[in-house]
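Summary of structural features
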Amino acid sequence: MAILRCNKCGHVAEALGEHAGKSIACPNCGNEVQVYDTVLFVRKVLQQYFALQEETVRLRAQIPATDTATATPSATGFDIHNTAHLASDAQHTHILQWFQRRQVQVRTNPKAVDTTGFFDDVAVELGDNYALLRDVVDKIRWGQSKDVPNFSLNLSKHSQKDGQAINGFCKQLYDYSFLAKYFYQKQEKIGRATIQSVPAVRSFFAGEWLEWYAFMKLLALFGEKGREFSCTRNLSVVFPNEDLHELDVFFLVDGDTPVCIECKTGEFRQDIDKYLTLRRRLGIDRSQFILCVTGLTDEQAAGLTSMYELTFVNQDGLVPHLSKLF
């Protein structure tokens, strides 16, 4: 199908593909309108959108420094686990400018850095105790992929301390509505749960939790060090040749030092070449372009880092690596 938009009445409608490139009468008002190929039309709309976004960045850059200070906050003036402070347009200004200087168009997702919900809390708990809690996540992911809504956990095979920790985490998931149901049979030491079907929760356990984990760990790290930064998640990137990419976690430290983290909870090997190319095109140092992969041993991470012009870490090695850089 093709698409048309009437400049007279604003009517938008689909048209037969054979009309693409031709003029026909608007079905609403009869005005003669141009019919466009759908891909071409969308591309033109995106070009206008990014042109306006660049103009917005340019105009914001002219605002006095006292008004743009929020573009590089430190993480010491607010509760990083309960704030919409990072979701402001001003907070993203330096990131937009950094990409603009490289002639790369970007689109931010302010909602992805709003920590007023519970995604960040659960992600940090999970990442900090991944070895212990991995079985919970694996059961949830398996249930999601097979449309099996219920699962059980036999905690009798764990020590009392570990069993209590796992049970406490599952109760937290239920309290925050990440599980639809959860109850613990104390005598049998079995936890029984029903998976939450909400799409946002499904995406979280499918791998988005690691993005939240990396994001929150960087916020805490730069807060402790008193560094200024701009930050974002799920950043859409469009290169001049219209290649599209999405960056999982991106920080710009002290206004000009980029840190890019790509997060993988599953297979990653087929994407290595893609990330190598992306790192080179953005001109980011290999030490600052990081693949954070769950399940990697420290030895594997070190070996892969020496093989490729990228930095590989597991979730436990992320903060130590960045602490050495900053």
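Our structure is the block above this text.
Within each chain, residues carry numbers counting from 1 in the order of the written sequence. Per-residue local features of the predicted model are confined to residues with pLDDT of at least 70, and side-chain atom pairs are confined, for both listing and counting, to 80 or more; whole-chain, interface and lining totals are unaffected and use all residues. Side-chain measures were taken over the full set of non-hydrogen atoms in the model, leaving aside hydrogen atoms and water.

This part is about the overall build of the protein. Segments assigned H or I by DSSP are reported as helices when at least four residues long, segments assigned E as strands when at least two residues long, and all are numbered from the N terminus. In terms of regular secondary structure, the protein is built from ten helices and 13 strands. The cut-offs for exposure are 20% and 50% of the maximum accessible area for each residue type, with area from a 1.4 Å probe on protein chains only; residues under the lower value are buried, those over the upper are exposed, and the others partly exposed. A total of 326 residues make up the protein; the buried ones form 44% of that total. Sequence-distant contacts in the protein: of pairs separated by 6 or more residues, those separated by 24 or more amount to 60%. For the protein, the accessible surface area stands at approximately 16600 Å², while carbon and sulfur atoms represent 48% of it. Contacts are assigned to residue pairs with any non-hydrogen atoms lying within 4.5 Å of each other. All accessible-area figures derive from a Shrake-Rupley calculation using a 1.4 Å probe, and residue coverage is judged against the displayed protein chains alone.

This part takes up the nonpolar core. Nine residue types can take part in a nonpolar core, namely buried Ala, Val, Leu, Ile, Met, Phe, Trp, Tyr and Cys, and a core is a set of them joined through side-chain atoms within 4.5 Å. Among the nonpolar cores identified, the biggest contains 54 residues, and Leu173, Phe215, Leu219, Phe251, Val259, Ile261 and Leu322 are the most heavily contacted of them. Dropping the residues within four chain positions of it, Phe251 is found in contact with Phe215, Leu218, Leu219, Phe222, Phe229, Ser230, Cys231, Thr257, Pro258 and Val259. Counting residues in hydrophobic clusters, the runner-up holds 28 residues, among them Phe239, Phe268, Ile272 and Val293.

Moving on, we get to the packing of aromatic side chains. Aromatic pairs are defined between Phe, Tyr and Trp rings, using the six-membered ring for Trp, whenever the two ring centres lie within 6.5 Å; interplanar angles under 30 degrees are classed as stacked, those over 60 as edge-to-face, and all others as tilted. Counted according to the given criterion, the structure contains 20 aromatic pairs. Plain terms: the ring middles of Phe118 and Tyr176 are 4.0 Å apart, the flat faces sit at 0° to each other, and that makes the pair stacked. With Phe118 in the loop between β5 (105-107) and α4 (119-128) and Tyr176 in the loop between α6 (160-175) and β7 (179-185), this residue pair connects regions lying 58 residues apart in the sequence. Owing to a relative accessible area of 40%, Phe118 belongs among the partly exposed residues under this scheme. Residues Phe229 and Phe251 carry aromatic rings whose centres are separated by 5.6 Å and whose planes lie at 40° to one another, so their mutual orientation is tilted. In this pair, Phe229 is assigned in strand β9 (residues 229-238) and Phe251 in strand β10 (residues 244-253), connecting sequence segments 22 residues apart.

With that out of the way, let us pick up the pairing of β9. Buried residues dominate β9, accounting for ten of its ten residues. As judged from the three bridges shared by β5 and β9, these two strands associate in the antiparallel manner. Bridge assignment links Val106 to a residue of β9, and that residue is Val237. Whether two strands pair comes down to DSSP finding at least two bridges between them. Examined bridge by bridge, β9 and β10 share nine bridges and lie antiparallel to one another. Paired with Val238 across the two strands is Leu244, which belongs to β10. Counted along the chain from β9 to the antiparallel partner β10, the turn is five residues long, and its residue Glu242 has a positive phi close to 75°.

Salt bridge, as used here, is a side-chain nitrogen of Lys or Arg placed within 4 Å of a carboxyl oxygen of Asp or Glu. The final tally for this structure, using the stated rule, is ten salt bridges. One salt bridge in this structure joins Glu309 and Arg279, with 3.0 Å as the shortest N-O distance. In this pair, Glu309 sits in the loop between α9 (298-307) and β13 (311-313) while Arg279 sits in helix α8 (residues 272-282), placing the two residues 30 residues apart along the sequence. You can call Arg279 buried: its relative accessible area is 10%.

Moving on: the pairing of strand β2 (residues 12-15). Of the two faces of β2, only the one carrying Ala13 and Ala15 is buried; Val12 and Glu14 on the other face are not. Here strand β1 (residues 2-5) runs beside β2; their pairing, made up of four bridges, is antiparallel. Across the sheet, residue Ile3 finds its bridge partner in β2, namely Glu14. From the end of β1 to the start of β2, which pair antiparallel, there are six residues, and Gly10 there has a positive phi angle of about 80°.

The next point concerns unusual backbone geometry. Of note in the backbone geometry, Lys189 takes a positive phi value of approximately 60° without being a glycine. Checked against the element boundaries, Lys189 lands in the loop between β7 and β8 (190-195). With phi around 55°, Asn234 is a residue other than glycine that occupies positive phi space. Looking at the element boundaries, Asn234 is found in strand β9. When its relative accessible area of 13% is taken as the criterion, Asn234 is described as buried.

This part is about the sheet that holds strand β6 (residues 150-154). With antiparallel pairing, the three strands of this open sheet are ordered in space as β6-β8-β7. Only two strands of the sheet have a single partner each, and these edge strands are β6 and β7. Strand after strand, the sheet turns through a mean of 15° between neighbouring axes, direction not considered. The pairing of β6 with β8 spans five bridges and is antiparallel. Note that in β8 the partner of Leu153 across the bridge is Gly191. Packed onto the sheet, helix α5 (residues 130-146) meets β6, β7 and β8 and runs at close to 160° relative to β6. Each axis is a line fitted through C-alpha atoms, and for a helix only the stretch in contact is used; angles between axes span 0 to 180 degrees, taken between their N-to-C directions. Running over the sheet, α6 touches β6 and β7 and is turned about 145° from β7.

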